[in-house]
Amino acid sequence: MTPTELTEKLYARDVVLLAGRLLLSLIFVHEGLQLATHFEGAEKAMAALGVGTPLLLATIALQLGAGLSVALGILARLGAIGLGLFCLMTASLFHTNFASQNELLHFEKDLAIAGGMFVLALAGSGRLSVDRVLAGLVKDTKIDPPIEQHLSVGETSLPV
């Protein structure tokens, strides 16, 4: 099968959604693994910020659970909403010292990731997802139905 035939069969939209899901989830899965594998150091660092162990455990669970949810396309809309809200809270609680360029950058990064997660929550995970595979196994079950095409969404071409 040629790359063109593969693209036509899979549709570029689904390939782009898969790439976007993987890129968005990477930071959360990586950070969740880092916190889990270096728990004692993370616990001390979080305590210095006023975050107790129960909240650290919840953060690890959210980052790993929702991160894998988005990456694999298992309830990806729910995972994306959770991570988007997490980013908004992280930005507003921990990155508000705008006198520091580093803190401002983290604030803006968290807002950008939240925006991407909310767009993903609207778009869904596409056909290249575990949800779609499971839906195919269970007849008459629709998981993550496609969004109706709006006038502003569709095939466009640039005048070249």
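Everything below is about the structure printed above this text.
Residues numbered from 1 in each chain as written. Predicted model: local features only at pLDDT ≥ 70, side-chain atom pairs only at ≥ 80, totals over all residues. Heavy atoms only, no water.

(A) Quick look at the overall build of the protein chain. Scanning the protein chain from terminus to terminus reveals seven helices and zero strands. The long-range fraction of contacts in the protein chain, counting pairs at least 24 apart against all pairs at least 6 apart in sequence, stands at 64%. Working note: accessible area of the protein chain is about 10600 Å², and carbon and sulfur atoms make up 70% of it. (Helix = DSSP H or I, 4+ residues; strand = E, 2+ residues; numbered from the N terminus. Contact = heavy atoms within 4.5 Å. Areas by Shrake-Rupley, 256 points an atom, 1.4 Å probe, with all protein chains shown as cover.)

(B) Representation of the nonpolar core. Phe-28, Val-70, Ala-80, Leu-83 and Met-117 are the most contacted members of the largest nonpolar core, which totals 13 residues. Listing elements by their share of this core, those giving two or more residues are α2 (12-37), α4 (53-72), α5 (76-94) and α6 (101-123). Looking at this core element by element, the count peaks at five residues for α6. Not counting chain neighbours up to four residues away, the residues in contact with Ala-80 comprise Val-70, Met-117, Leu-120 and Ala-121. (Core = buried A, V, L, I, M, F, W, Y, C linked by side-chain atoms within 4.5 Å. Buried < 20%, exposed > 50% of the residue type's maximum accessible area, 1.4 Å probe, protein only.)

(C) The packing of α5 against α6, seen in detail. Two elements in contact, α5 and α6, have axes separated by 8 Å at closest approach and are oriented at 160 degrees. Viewed along their axes, α5 and α6 adopt a mutual orientation that is roughly antiparallel. Read as a crossing pair, α5 and α6 show a hand that is left-handed. Of α6, the residues touching α5 (which contributes Arg-77, Ala-80, Ile-81, Leu-83, Gly-84, Leu-85, Cys-87, Leu-88, Thr-90, Ala-91, Ser-92 and Phe-94) are Glu-103, Phe-107, Asp-110, Leu-111, Ile-113, Ala-114, Met-117, Phe-118, Leu-120, Ala-121, Leu-122 and Ala-123. Of the residues that constitute the contact of α5 with α6, the class distribution is 18 nonpolar, three polar and three charged. (Axes fitted to C-alpha atoms, helices over the stretch in contact; angles between N-to-C directions. Parallel < 35°, antiparallel > 145°, perpendicular 65-115°, else oblique. Left-handed = near helix turned anticlockwise from the far one by under 90°. Nonpolar A, V, L, I, M, F, W, Y, C, P; charged D, E, K, R; others polar.)

(D) Just the side chain of Ser-129, in detail. Among the structural elements, Ser-129 can be located in the loop between α6 and α7 (130-137). Among the polar contacts listed, one links the side chain of Ser-129 to the backbone oxygen of Gly-126, at a separation of 3.0 Å. Contact partners of Ser-129, with chain neighbours within four places excluded, come to Arg-21, Leu-72 and Gly-73. (Polar contact = N/O pair within 3.5 Å; in protein donor to acceptor, adjacent residues only side chain to side chain.)

(E) The pattern of salt bridges, seen in detail. Following the criterion strictly, the structure yields two salt bridges and no others. Residues Asp-14 and Arg-127 are paired through a salt bridge, measuring 2.9 Å at the closest nitrogen-oxygen approach. Here Asp-14, found in helix α2, pairs with Arg-127, found in the loop between α6 and α7; they are 113 residues apart in sequence, far enough to count as distant. Of the residues examined, Asp-14 reaches a relative accessible area of 4% and is grouped as buried. Overall, the relative accessible area of 40% leaves Arg-127 in the partly exposed class. Lys-109 is paired through a salt bridge with Asp-110; the nearest N and O atoms lie 3.0 Å apart. (Salt bridge = Lys/Arg side-chain N within 4 Å of Asp/Glu carboxyl O.)

(F) Spotlight on a nonpolar patch on the surface. There is a patch of nonpolar side chains on the surface, built from Leu-68, Leu-72, Ile-74, Leu-75 and Leu-78 and spanning about 460 Å² of accessible area. The topology assignment puts Leu-78 in helix α5. (Patch = residues over 30% accessible without salt bridge, like charges linked within 9 Å, V, L, I, M, F, W, Y side chains within 5 Å.)

(G) Quick look at the side chain of Thr-59. With respect to the helices and strands, the residue Thr-59 is situated in helix α4. Judged by relative accessible area, which is 13%, Thr-59 ranks as buried. Among residues more than four places away in sequence, those in contact with Thr-59 are Leu-35 and Phe-86.

(H) Main features of the environment of Thr-90. Looking at the secondary structure, you find Thr-90 in helix α5. Thr-90 sits 17 residues away from Phe-107 along the chain, and the two C-alpha atoms are 8.1 Å apart. Other than its neighbours up to four places away in sequence, Thr-90 contacts His-95 and Asp-110.

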